[in-house]
Amino acid sequence: MICSRPSLRCLAPYAEAFVRLSQFWQFVADEFGDAYGRVLVDDLVLTARGDVTGSEALRRGDDPREVWLAICEAVEVPRERWNGKPQIKHTRH
């Protein structure tokens, strides 16, 4: 199966990757917004991953966490957000 962009359908044989890839895309959307995040993953060349884009790295089987960290480093995301943006806990009074 040839896929133009990483998706769960493309990775169907690799059930273990489902949660990790979905978490990658959640981190991207939380940090950059969905639209800009996808552009960044598709277009930003990651020196740390061998001069490929995030999309290319994911397609060749790189660990989504490693791709996420390479993006964070390349665009200087503050280290405290490398594990995702902190979630605000809502409490009822």
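Look up a bit, the structure's there.
Small disclaimer: the values here were computed from a predicted structure and weren't measured.

## Remarks on the environment of Pro86
Part 1: Mapped onto the elements, Pro86 comes out in the segment after helix 4 (64–74).
Part 2: For Pro86, a relative accessible area of 64% gives the class exposed.
Part 3: Along the sequence, Pro86 and Asp30 sit 56 residues apart, while their C-alpha atoms lie 9.9 Å from each other.

## Notes on unusual backbone geometry
Part 1: For Asp51, which is not a glycine, the phi torsion comes out positive at approximately 60°.
Part 2: Assignment of secondary structure puts Asp51 in the loop between strand 1 (45–46) and strand 2 (52–53).
Part 3: Note on Asp51: relative accessible area 53%, which makes it exposed.
Part 4: The backbone of Glu76 sits at a positive phi, close to 60°, despite the residue not being glycine.
Part 5: Of note, Glu76 is situated in the segment after helix 4.
Part 6: Classification of Glu76 by relative accessible area gives exposed; the value is 69%.

## Structural notes on the side chain of Asp62
Part 1: Among the structural elements, Asp62 can be located in the loop between helix 3 (54–59) and helix 4.
Part 2: Residue classification places Asp62 among the buried positions, given a relative accessible area of 13%.
Part 3: Side chain to side chain, Asp62 and Arg49 meet in a polar contact 3.1 Å long.
Part 4: Excluding residues that lie within four positions of it along the chain, Asp62 makes contacts with Arg49, Ala57 and Val67.

## Structural notes on the pattern of salt bridges
Part 1: Scanning the model with the defined rule gives five salt bridges in all.
Part 2: Residues Asp63 and Arg20 are paired through a salt bridge, measuring 3.1 Å at the closest nitrogen-oxygen approach. Residue Asp63 is found in the loop between helix 3 and helix 4, and its partner Arg20 is found in helix 1 (residues 17–32); the two are separated by 43 residues along the sequence.
Part 3: The class for Arg20 is partly exposed, based on a relative accessible area of 36%.
Part 4: A salt bridge links Arg81 to Glu31; its shortest N-O distance comes to 2.7 Å.

What counts and what doesn't
Residues numbered from 1 in each chain as written. Predicted model: local features only at pLDDT ≥ 70, side-chain atom pairs only at ≥ 80, totals over all residues. Heavy atoms only, no water. Helix = DSSP H or I, 4+ residues; strand = E, 2+ residues; numbered from the N terminus. Buried < 20%, exposed > 50% of the residue type's maximum accessible area, 1.4 Å probe, protein only. Polar contact = N/O pair within 3.5 Å; in protein donor to acceptor, adjacent residues only side chain to side chain. Contact = heavy atoms within 4.5 Å. Salt bridge = Lys/Arg side-chain N within 4 Å of Asp/Glu carboxyl O.

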